[in-house]
2 protein chains.
Amino acid sequence: MKLPLREKRRQETAFQIQKATLELAMKDGLDGVTTEEIAAASGVSTRTFFNYYPNKEAAAIGHPPAFTEEQKDALRKAEGTLATDIKQLLDGHIEALSEKEDILRMVGKVLRSNEKARGILDGNLGAERRVLTQALCDRVSNRQTAASLANSVTSTIGAAIFLWEHEEDMTLGAALDVVWEGLIDASRLLSPSNEEEI
Amino acid sequence: MKLPLREKRRQETAFQIQKATLELAMKDGLDGVTTEEIAAASGVSTRTFFNYYPNKEAAAIGHPPAFTEEQKDALRKAEGTLATDIKQLLDGHIEALSEKEDILRMVGKVLRSNEKARGILDGNLGAERRVLTQALCDRVSNRQTAASLANSVTSTIGAAIFLWEHEEDMTLGAALDVVWEGLIDASRLLSPSNEEEI
DNA sequence: GCAGAAATTGCAGACTATGCAAGGACTGGA
DNA sequence: TCCAGTCCTTGCATAGTCTGCAATTTCTGC
């Protein structure tokens, strides 16, 4: 730990700005608020706002949790079947997301109406996907197979969040289970070992 | 056909603008060119440019081909196994994309360096995905399963284009086959009927 | 050829985003 | 406790994006 204090302050301010951005955006959309308003609400100057985030959309999305090294390691060294290990990874990630449900809900709302925000998130997810693909390569040998699995992971997370947002009284974990079920079912249908024709 | 002439002109101009946008963007990125330059190169005023596209990124992406009704119908009424029908859909779509390889290559380059463009494309794909999900619902009954399959379709297309861009001397069709193989392999690994542990 | 519809354009103005340079705050060591 | 260096913040200037409005031109169908 070299710069714990400065770093911490920075993270706090970054989060502060994200919260202010999201709260303002809840009224009439992210496009309806100016960077000036956001900066004022965050207690910093407009110029400083741009030192923290390159644009409002990035500020709204913030810095979502990434997969930890332990999670990826667990994937590399097979502990169970591939399916159970992936499910475990997903469970862990969804649990991390659950810690900030309020933020997640607001981010979801922004994503639904803002293309640029989607693009930024897509870029973040793409980076995650590449890391995951790399980790999975140690296990499945074929790169395209690993890429396909990694894609399933990130899109499952997205789908679970989407479902959770639209279903009243459904926890994030429950939504994940439903989406996971769909993924497994789809895999079964596409799998060549499945001879029944549908 | 009510307004065929006007409509046709409009499409031509839209394509003209897309081409001008992409060609200018090849030099030093989409961010390196102004809407003014694009408009001038397209032979229209800046204001008119914004009548065709809401922003440069949308102009660069243009209006990519969508799935046709026949394609979706073929999916609904099972002609072969689910896997072969989906593969056929993909083949047809990739073939349509092949008609404009030059555009596709330039779009790919833009997408790699521009978040907003990615977001817009992501939005387009999301719409396609929703349509596909609906069509697949007629076949697999479970909505989550259908959604998972639809997601596989759109992300397979994206992955195929990505692979094609990065591999010299590989046709789009060949790239699709490679990615498809990966998807099937991944499905096999996730499928519960596959008992071997990996 | 004409009347009405549609598209184009110029202009004004709000907002986003970046470079630069001055000033202020914080850190670690003496 | 104080100091020097570094990092952060800020204001200002400026380039560029995008929209609304109204005038003008172009096109369509009759």
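This is a predicted model, so every value here is computed, not measured.

1. Describing the overall build of chain A
Thought 1: Within chain A, the regular secondary structure consists of ten helices and zero strands.
Thought 2: Along chain A, helices and strands appear, N-terminal first, in the series α-α-α-α-α-α-α-α-α-α.
Thought 3: Counting the 198 residues in chain A, one finds 40% classified as buried.
Thought 4: Sequence-distant contacts, at least 24 apart, represent 57% of the contacts inside chain A between residues at least 6 apart.

2. Considerations on the nonpolar core
Thought 1: Membership of the largest hydrophobic core comes to 61 residues, with the highest contact counts inside it found for Ala160 of chain A together with Ala160 of chain B.
Thought 2: Of all the elements in the fold, those that place two or more residues in this core are helix H6 (82–98), helix H8 (115–140), helix H9 (143–166) and helix H10 (172–190) of chain A together with helix H6 (82–98), helix H8 (115–140), helix H9 (143–166) and helix H10 (172–190) of chain B.
Thought 3: Contacts of Ala160 of chain A, omitting those with residues within four sequence positions, involve Ile94, Leu172, Ala175, Leu176 and Val179 of chain A.

3. Things to note about the relation of the copies chain A and chain B
Thought 1: Relative to chain B, chain A is turned by 180° and slid 0.0 Å along the rotation axis, the superposed coordinates differing by an RMSD of 0.0 Å. This pairing of chains is accounted for by a two-fold axis. Considering only C-alpha atoms, the residue of chain A closest to the rotation axis is Gly119 of chain A, which sits at 1.6 Å.
Thought 2: In this assembly the copies share their binding face: 100% of the residues contributing to the interface of chain A also contribute to that of chain B.

4. Considerations on the interface of chain A and chain B
Thought 1: With 42 residues of chain A at the contact, the number on the chain B side is 42 residues.
Thought 2: Those elements giving two or more residues to the side of chain A that touches chain B turn out to be H6, H8, H9 and H10 of chain A.
Thought 3: At twelve residues, the largest contribution of residues to the side of chain A that touches chain B is made by H10 of chain A.
Thought 4: Taken together, the residues of the side of chain A that touches chain B break down into 18 nonpolar, 15 polar and nine charged.

5. Some thoughts on the environment of Asp122 of chain B
Thought 1: Take Asp122 of chain B: it is sitting in helix H8.
Thought 2: In this structure the C-alpha to C-alpha distance between Asp122 of chain B and Ile38 of chain B, which are 84 residues apart in sequence, comes to 24 Å.

6. Looking at the packing of H9 of chain A against H9 of chain B
Thought 1: At a minimum axis separation of 11 Å, H9 of chain A and H9 of chain B run at an interaxial angle of 130°. Overall, the two elements H9 of chain A and H9 of chain B adopt an arrangement that is oblique. In this structure, H9 of chain A meets H9 of chain B at a crossing whose hand is right-handed. In this structure, H9 of chain A contributes Ala147, Asn151, Ser155 and Ala159 of chain A to the contact, and H9 of chain B contributes Ala147, Asn151, Ser155 and Ala159 of chain B.
Thought 2: Split into classes, the residues belonging to the contact of H9 of chain A with H9 of chain B amount to four nonpolar, four polar and no charged.

7. Some remarks on helix H2 (residues 35–42) of chain B
All names here are of chain B.
Thought 1: Residues of H2 that are buried include every one of Ile38, Ala39 and Ser42, and no others. Down the axis of H2, the smallest arc covering the buried residues is 100°, so these residues share one side.
Thought 2: Gly43 lies just past H2 and shows a positive phi near 75°.

8. Topic: the domain arrangement of chain A
All names here are of chain A.
Thought 1: You can read the domains of chain A as domain 1 (4–61) and domain 2 (69–190).
Thought 2: Taking the mean C-alpha position of each, domain 1 and domain 2 sit 27 Å from one another.
Thought 3: Counting residues at the interface gives ten residues for domain 1 and eleven residues for domain 2.
Thought 4: Of all the secondary structure elements, the ones that give two or more residues to the side of domain 1 that touches domain 2 are helix H1 (4–28) and helix H4 (56–61).
Thought 5: Take the side of domain 1 that touches domain 2: its biggest share by element is four residues, from H4.
Thought 6: Here the residues of the side of domain 1 that touches domain 2 are counted per class, giving seven nonpolar, one polar and two charged.

9. Examining unusual backbone geometry
Glycine aside, the phi torsion of most residues is negative, and most peptide linkages are trans.
Thought 1: Positioned with a positive phi, Ser141 of chain A is a non-glycine residue whose angle comes to about 70°.
Thought 2: With respect to the secondary-structure elements, Ser141 of chain A resides in the loop between H8 and H9.
Thought 3: Backbone geometry at Asp169 of chain B places phi at a positive 60°, although glycine is not the residue there.
Thought 4: With respect to the helices and strands, Asp169 of chain B occurs in the loop between H9 and H10.

10. Details of the packing of helix H5 (residues 69–76) of chain A against H8 of chain A
Residues and elements named next belong to chain A.
Thought 1: Interhelical geometry of H5 versus H8 gives an angle of 20° and a closest axis separation of 8 Å. As judged from the angle between their axes, H5 and H8 are roughly parallel. As H5 packs across H8, the resulting crossing turns out to be right-handed. Contact residues: H5 offers Lys72, Leu75 and Arg76, while H8 offers Ala135, Leu136, Asp138 and Arg139.
Thought 2: The class makeup of the residues in the contact of H5 with H8 is three nonpolar, no polar and four charged.

11. Regarding the environment of Arg139 of chain B
Thought 1: With respect to the element layout, Arg139 of chain B can be found in helix H8.
Thought 2: On a C-alpha basis, the gap between Arg139 of chain B and Ser187 of chain B in space is 19 Å, while along the polypeptide they are 48 residues apart.

The rules we used
- Residues numbered from 1 in each chain as written.
- Chains lettered and ligands numbered in written order.
- Predicted model: local features only at pLDDT ≥ 70, side-chain atom pairs only at ≥ 80, totals over all residues.
- Helix = DSSP H or I, 4+ residues; strand = E, 2+ residues; numbered from the N terminus.
- Buried ≥ 20, exposed ≤ 12 C-beta atoms within 10 Å, placed from the backbone.
- Contact = placed C-beta atoms within 7 Å.
- Core = buried A, V, L, I, M, F, W, Y, C linked by C-beta atoms within 7 Å.
- Least-squares fit on C-alpha atoms with pLDDT ≥ 70 in both.
- Nonpolar A, V, L, I, M, F, W, Y, C, P; charged D, E, K, R; others polar.
- Axes fitted to C-alpha atoms, helices over the stretch in contact; angles between N-to-C directions.
- Parallel < 35°, antiparallel > 145°, perpendicular 65-115°, else oblique.
- Left-handed = near helix turned anticlockwise from the far one by under 90°.
- Arc of directions from axis to C-beta.
- Domains from an automatic or database assignment.

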